[in-house]
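# Structure assessment
One letter stands for each residue in the lines below.
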Amino acid sequence: MKNFGETPDVTDRPVAIGGAYDQVPYESRPYALSHPRHLAVIGKTFGLIPALPENARILELGCASGGNLIPIAATYPDCTCLGIDLSLRQIESGKADIAALGLTNIELKQGSIADIGPDLGVFDYIICHGVFSWVSIDIQKQILRVCRENLAPRGLAYVSYNTLPGWNQVRSVRDMMLYHTAQFADPAVKVDEAMKMLHFAADALPEGSSTWRQIIEKERDALLKLDGSHLYHEHLEDENNPVYFHHFMDMAQESGLQYVGDSQIPMMYVGTLPQSTADTLRQLTDIVRQEQYIDFVRNRRFRMTILTHQDEAVSRNVPSDRILDFHLTAPGLSPDFSVGEQNWALDIPRGFGNGTVTANNRYSAMLLTVLHEQGNTPIAARDLLAKAGERLQLSDLSALMTQWGEFAMHLCFLGHITLHYGGYSDVTTLSDRPVAWPLARYQATKGNLVTNLRHQTVGLDKASRLLIQLLDGSRDLDSLVGDYQNMLTKEGANFHVNGSATTNPDQIRAIAEEQAQIGLQILSSNSLIIA
């Protein structure tokens, strides 16, 4: 590595760096908290009746190459998706992916957000992730204008942005990088020099000597895990305008929009704060003021805000039976007791999640037990009640619901239970001819990062990346193993038995079969298998 301030060798960088988004494509990935099915959960929680995501019209502002929008279109073939981005290079890249996948319900267009008008129509969901803070104030106003003018009745708009006070400290780190990298023209050099500056500044302070060093190291370590394009666009672009939440909401209200909620429900809940703090904040009836104080306390730096029209009836009083509208998961709440040894006739406190949660009666305890047994597979709340009632041998489920509803919603707001719009189409039991999600199969031909059916990015090792490409439903296990073995051999894999290389065909076949079975379980556990 060259010395600080010298021009580095950038030939091995994974991203082609240039002077604008066309030359520095932003890494385009899915954002689960922006997915319409998640936005629908937030809307329904607060009393709205959002459009069904599976046949909705969806607009994404600043869609890049479609890494967020294409999986939505692939998940819901009956929805209609439109993405707008200023970068022609990224739009063309996304169009190529859409054509390769054969998707007909999505279109990407190159253009400015400022040029969007009523002629584009209205949309049930509008998504704007990673754009608002990185554009001028004028374009920020245009984003909110589109979120009003092009949002359908009952529609929901998602806008993410850097927020204060948390970004104050990060802004100092950014200013330091901007000052140092101003002397370099090539964006690739800027990225490498920015990281050098962070190393330099941290090393100049004795380890553990100051909060400032900790701030620098935290940002540096986070950036080291990300693509170089993220650093460039997050910290080295001319525009980065973090705002306080109440300032953002002032702009939104001026545009005819109101606050529905945060995409992370627990971040809204004062019950996650110390009791005295929560008691003080509960006295506030203005939700925006209340959450601004929460941001102050938490030093929050990033927000994902969901908006709707001002004439929609948003309700902050969430009834206990609202839980019945959703599917649920709570994999982290494992019972702190032996389920099989319990006397379920006794109404005694039972702990879950290593004492994190206490169920004070047998009804809530059985419901949490059954819910945890589901693992990561969402179960409809009504089905959960039925299963728990059967285990408790109840003929009337009213007592279950009475004891459960308010407690369950409380656990949702604390983040212990996750609400889902419905189930997912991934399976845990494989068919005789396994099938992986076509989108992920296609993505695996291009790189090691794929999108799963839960709208998450999954990193595959080389063996899993090869295996998933074979899972198109045309192969039974025997032919799958044979083709997988041939693919591994072609890629130069070495087969070992007891630490020594082997050329024995039977041993190689056995190893390939074992690795295929392991790989199938890995892919299944990552929500990538549909049959």
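Above this text is the structure in question.
Residues numbered from 1 in each chain as written. Predicted model: local features only at pLDDT ≥ 70, side-chain atom pairs only at ≥ 80, totals over all residues. Heavy atoms only, no water.

Another point: the overall build of the chain. A count of helices and strands for the chain gives 18 helices and 17 strands. Taken against the 2.2 N^0.38 rule, which gives 24 Å for 531 residues, the C-alpha radius of gyration of the chain at 26 Å falls within 12% of a compact globule. Structurally, the chain occupies a C-alpha span of about 75 × 75 × 60 Å along its principal axes. Relative to its full complement of 531 residues, the chain shows a buried share of 51%. Residue pairs at least 24 apart in sequence account for 74% of intrachain contacts in the chain once pairs closer than 6 positions are excluded. In the form shown here, the chain has an accessible surface area of approximately 24000 Å², with 48% of it arising from carbon and sulfur atoms. Treating the 43 positive side-chain charges of the chain as one cloud and the 61 negative ones as another, the clouds have centres 1 Å apart. (Helix = DSSP H or I, 4+ residues; strand = E, 2+ residues; numbered from the N terminus. Rg over C-alpha atoms; globule rule 2.2 N^0.38 Å. Buried < 20%, exposed > 50% of the residue type's maximum accessible area, 1.4 Å probe, protein only. Contact = heavy atoms within 4.5 Å. Areas by Shrake-Rupley, 256 points an atom, 1.4 Å probe, with all protein chains shown as cover. Lys, Arg positive; Asp, Glu negative; His and termini not counted. Charge placed at Lys NZ, Arg CZ, Asp CG, Glu CD.)

In the structure shown here, the tally under the stated rule is 19 salt bridges. E149 is the salt-bridge partner of R145, the closest N and O atoms lying 2.8 Å from each other. In this pair, R145 and E149 both sit in helix α4 (residues 137-149), four residues apart, roughly one turn of the helix. R145 gets classed as buried once you look at its relative accessible area, which sits at 17%. What makes E149 partly exposed here is its relative accessible area of 32%. Salt bridges here are not isolated pairs; linked through shared partners, they connect D262, E291, D295, R300 and R303. (Salt bridge = Lys/Arg side-chain N within 4 Å of Asp/Glu carboxyl O.)

Across the sheet, three strands lie side by side as β12-β9-β13; this open sheet has antiparallel pairing. Taken across any chain shown, the strands that pair with only one partner, and hence form the sheet edges, are β12 (379-380) and β13 (418-420). Across three bridges, strand β9 (residues 327-329) lies against β13 in antiparallel orientation. Counted as the bridge partner of L328 is L419 from β13. (Pairing = 2+ DSSP bridges.)

Between L164 and the following residue, P165, the backbone shows a cis peptide bond with an omega angle of 15 degrees. Tracing the chain through its elements places P165 in the loop between β5 (151-164) and α5 (166-181). The phi torsion at A64 lies on the positive side, around 55 degrees, for a residue other than glycine. With respect to the element layout, A64 can be found in the loop between β1 (57-61) and α2 (69-75).

On to the nonpolar core. Membership of the largest hydrophobic core comes to 125 residues, with the highest contact counts inside it found for I323, L328, L368, W404 and I417. When residues of this core are assigned to their parent elements, the largest contribution, nine residues, is made by helix α14 (residues 398-414). Dropping the residues within four chain positions of it, I323 is found in contact with L328, A381, M401, W404, G405, A408, M409, C412 and L419. M176, A194, M195 and I215 belong to the second largest nonpolar core, which has 16 residues in total. (Core = buried A, V, L, I, M, F, W, Y, C linked by side-chain atoms within 4.5 Å.)

Right, let's talk about a nonpolar patch on the surface for a bit. Among the surface-exposed residues, Y293, F296 and V297 lie close enough to one another that they form a single nonpolar patch of about 270 Å² accessible area. Turning to its location among the elements, Y293 is positioned in helix α11 (residues 287-298). Of the residues examined, Y293 reaches a relative accessible area of 35% and is grouped as partly exposed. (Patch = residues over 30% accessible without salt bridge, like charges linked within 9 Å, V, L, I, M, F, W, Y side chains within 5 Å.)

So, about the state of the cysteines. On inspection of all chains with the given rule, the structure shows zero disulfides. For the unlinked cysteine C81, the closest cysteine sulfur is that of C79, found at 3.5 Å. Given the relative accessible area of 3%, C81 is considered buried. Cysteine C147 is unpaired, with the sulfur of C128 as its nearest cysteine sulfur at 6.5 Å. (Disulfide = S-S within 2.5 Å.)

Our focus in this paragraph is helix α12 (residues 362-373). For α12, built from 12 residues, the straight-helix expectation of 16 Å at 1.5 Å per residue is met to within 8% by its first-to-last C-alpha distance of 16 Å. Within α12, burial applies to R362, Y363, S364, A365, M366, L367, L368, T369, V370 and L371. Those residues of α12 hidden inside the fold are in contact with β9, β10 (350-352), β11 (357-359), β12, α13 (381-391) and α14. At the N-terminal boundary of α12, the capping side chain belongs to N361, with an oxygen 3.1 Å from the backbone nitrogen of Y363. (Expected span 1.5 Å × (residues − 1). Polar contact = N/O pair within 3.5 Å; in protein donor to acceptor, adjacent residues only side chain to side chain.)

In terms of burial, strand β7 (residues 257-262) is a largely internal element, six of the six residues being buried. In this sheet, strand β8 (residues 302-309) lies alongside β7 in antiparallel orientation, the contact comprising five bridges. Counterpart to Y259 in the pairing with β8 is L307.

Attention now moves to helix α6 (residues 187-203). Taking 1.5 Å of rise per residue, 17 residues should cover 24 Å, and α6 covers 24 Å from first to last C-alpha, within 8% of that figure. Within α6, 14 of the 17 residues are buried, leaving the element largely enclosed by the surrounding structure. Sitting at the head of α6, D186 places a side-chain oxygen 2.7 Å from the backbone nitrogen of A188.

A few words now on the packing of α5 against helix α7 (residues 211-224). Two numbers describe how α5 lies on α7: the axes approach to 10 Å, and their chain directions differ by 75 degrees. As judged from the angle between their axes, α5 and α7 are roughly perpendicular. On the side of α5, the interface is formed by Q169, V170, S172, V173, M176 and M177, while α7 contributes W212, I215, I216, E219 and L223. A breakdown of the residues in the contact of α5 with α7 according to their chemical character gives eight nonpolar, two polar and one charged. (Axes fitted to C-alpha atoms, helices over the stretch in contact; angles between N-to-C directions. Parallel < 35°, antiparallel > 145°, perpendicular 65-115°, else oblique. Nonpolar A, V, L, I, M, F, W, Y, C, P; charged D, E, K, R; others polar.)

With that out of the way, let us pick up the packing of α6 against helix α8 (residues 228-236). When two helices pack together, their arrangement is given by the angle between the helix axes and by the axis-to-axis distance. Between α6 and α8, whose axes approach to 10 Å, the crossing angle comes to 85 degrees. For the element pair α6 / α8, the angle class is roughly perpendicular. Within the contact between the two elements, α6 uses P187, K190, V191, A194 and M195 and α8 uses G228, L231, Y232 and L236. Class assignment of the residues belonging to the contact of α6 with α8 gives a composition of seven nonpolar, one polar and one charged.

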